[in-house]
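# Observations on chain architecture
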Amino acid sequence: MLEERIEELEDEVRSLKQLIYELEHATTRLIDEKIEEATSGLVSLEEVEVAFDL
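These numbers come from a predicted model, not from an experiment.

Rules of the game
- Residues numbered from 1 in each chain as written.
- Predicted model: local features only at pLDDT ≥ 70, side-chain atom pairs only at ≥ 80, totals over all residues.
- Heavy atoms only, no water.
- Salt bridge = Lys/Arg side-chain N within 4 Å of Asp/Glu carboxyl O.
- Helix = DSSP H or I, 4+ residues; strand = E, 2+ residues; numbered from the N terminus.
- Buried < 20%, exposed > 50% of the residue type's maximum accessible area, 1.4 Å probe, protein only.

Across all of its chains, the model carries 4 salt bridges by this definition. Between Glu 8 and Arg 5 there is a salt bridge, and its shortest N-O distance comes to 3.2 Å. In this pair, Glu 8 and Arg 5 are both assigned in helix H1 (residues 2-39), 3 residues apart and thus about one turn of the helix distant. On the basis of relative accessible area, Glu 8 is assigned to the partly exposed category, the value being 42%. Note on Arg 5: relative accessible area 41%, which makes it partly exposed. Here Glu 37 and Lys 34 are joined by a salt bridge, their closest N and O atoms 3.7 Å apart. With Glu 37 and Lys 34 both in helix H1, this residue pair falls 3 residues apart, about one helical turn. According to the relative accessible area criterion, Glu 37 is exposed, its value standing at 52%.

As structure tokens, then:
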């Protein structure tokens, strides 16, 4: 009985670890996408210098 419960809990822990891993990666991807969106309209200093012949 106790051994069965321990096995169940170990399975739950493994499942939770997998969910955490997936959440971390999904969060990282989302952050990267948001950074890309936020910076996609920005121009580099070099582009500004060229545009204004600096």
